[in-house]
Amino acid sequence: MSSSTVITNIAALVTNDPSLGDHSPLGLVRDAAVVVEGDRVVWTGESSKAPATDNRVDADGRAVLPGFVDSHSHLLFAGDRTEEFNARMSGRPYSAGGIRTTVAATRAASDAELEAGLTRYLAEALRQGTTTFETKSGYGLTTADESRALRVAARHTDEVTFLGAHIVAPELADDPAAYVDLVTGEMLDACAPHARWIDVFCEKGAFDGDQARAILTAGKARGLHPRIHANQLSYGPGVRLAVELDAASADHCTHLTDADVDALANSGTVATLLPGAEFSTRAQWPDARRLIDAGATVALSTDCNPGSSFTSSVPFCIALAVRDMGMTPDEAVWSATAGGAAALRREDVGRLVPGAYADLTLLDAPSHVHLAYRPGVPLVAGVWRRGVRKV
């Protein structure tokens, strides 16, 4: 039998169960405790009512919340784009190839090099409270390179996404139809066994609505569920296509019409907002307030990638969302935990309730609000993943 552990003397416990505590969406319990047995939560409530356990951890009046669920990242890559970022921030033109630069470096990297990079960024994210993450291919753009990236990713997470449709491969730049045929045919055949999701960058300069529909529909036929990069750089068909195809998530959602917002609000598709991208490109911020007020489900994620959002820090994204996207601290924390879980269609993470995985983040602060109140400060004092303390 697994031993049991109580984490007690928690000043403020975020459960994300509105039937508990203050009955808010966060289900905030004061002077709380959590009991863990094996890899699961078995009890939450007030410290004074906690059952007897084998072990005890004293939170010493600090806050505990679910581990962050980072539902959008691009961690399978090689190379560096420092010069591109420096030029952009310095107001200088930059002529190198953006995503194509990373594609060239990734194709040249060994499997061991790709895995070393992945594990480095995962460890970095874990230290900042992330216990569940999704990651994508998309920097190989050949059948062999896309499938090997997914095989590497699948050794570290169940939330693996095939993004062969990131951009048209450089060697087929003059024949995008041929590349769509490759992605929906031979490449999909090789990649589907290693992925849960299929994604496409639906944007001017990448894939239009018809191409995106063909790619996502082909993925669904192979058992992959859709998600989509939508409406990041301009208005377009991505969000409504996501809703039409019952995509789990439409990601970015920066340029939205009223019809786009209404479609999200009346669907099971989560609007995943990625403020690291706007921060790193000085672009327009997504309007989280507009989405939330309309009734849409909103997730927050890092979009960690080497070109437009090279951060693995969910706390940083929470602070940006509160400061610049109209979210309250409570909403931002919910979106980075339960919202991310919804974007992955998961109920066993992003919450601290009996039956959920024992993924917990202990803050060196009395309240989750400090994540926005003290931006840039390393507040994560402890992390448990599947019941095992990792940090």
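Below or above, wherever it landed, is the structure these notes cover. These numbers come from a predicted model, not from an experiment.

Focus on the sheet that holds strand E3 (residues 40–46)
Here's step 1: If you walk across this open sheet you meet the seven strands as E3-E2-E1-E4-E14-E15-E16, and the pairing is mixed. Since the sheet does not close on itself, it has two edges, and those belong to E3 and strand E16 (388–389), each with one partner.
Here's step 2: Relative to strand E15 (residues 380–385), strand E14 (residues 360–363) runs antiparallel, the two being bridged by four bridges. Looking at E15, one finds that Leu362 is bridged to Gly382.

With respect to the packing of aromatic side chains
Here's step 1: Under the counting rule described, the total for this entry stands at six aromatic pairs.
Here's step 2: Between Phe77 and Tyr121, the ring centres sit 5.4 Å apart and the planes meet at 15°, which makes this aromatic pair stacked. In this pair, Phe77 is assigned in the loop between strand E5 (68–70) and helix H1 (82–90) and Tyr121 in helix H3 (residues 111–127), connecting sequence segments 44 residues apart.
Here's step 3: Ring geometry for Tyr121 and Phe310: centres 5.6 Å apart, planes at 65°, overall edge-to-face. Remark: Phe310 occurs in the loop between strand E13 (298–300) and helix H12 (314–324) and Tyr121 occurs in helix H3; sequence separation between them is 189 residues.
Here's step 4: For Tyr121, a relative accessible area of 8% puts it in the buried group.
Here's step 5: Overall, the relative accessible area of 44% leaves Phe310 in the partly exposed class.

Quick word on unusual backbone geometry
Here's step 1: Unusually for a residue other than glycine, His23 sits at a positive phi of about 65°.
Here's step 2: For His23, the position within the fold is in the loop between strand E1 (4–13) and strand E2 (29–37).
Here's step 3: On the basis of relative accessibility, which here comes to 54%, the residue His23 falls in the exposed class.
Here's step 4: Positioned with a positive phi, Arg345 is a non-glycine residue whose angle comes to about 55°.
Here's step 5: Position of Arg345 relative to the elements: it lies in the loop between helix H13 (329–343) and E14.
Here's step 6: Taking relative accessible area as the criterion, Arg345 reaches 32% and is therefore assigned partly exposed.

Cut-offs and rules
- Starting afresh in each chain, residues are numbered from 1 along the sequence in its written order.
- With pLDDT at 70 or above as the cut-off, local features in this predicted model cover only qualifying residues; side-chain atom pairs require 80 or more to be listed or tallied, and sums for whole chains, interfaces and linings still use all residues.
- Side-chain measures were taken over the full set of non-hydrogen atoms in the model, leaving aside hydrogen atoms and water.
- Note on pairing: DSSP must find at least two bridges between two strands before they are called paired.
- The way it works is that DSSP assigns letters per residue, a run of H or I at least four long becomes a helix, a run of E at least two long becomes a strand, and they are numbered from the N terminus.
- Between rings of Phe, Tyr and Trp, where Trp is taken as its six-membered ring, a pair exists when centres lie within 6.5 Å; planes separated by under 30 degrees are stacked, by over 60 edge-to-face, and by other angles tilted.
- For every residue, the accessible area (1.4 Å probe, protein chains only) is compared with the maximum for its type, and the residue is labelled buried under 20%, exposed over 50%, or partly exposed between those bounds.

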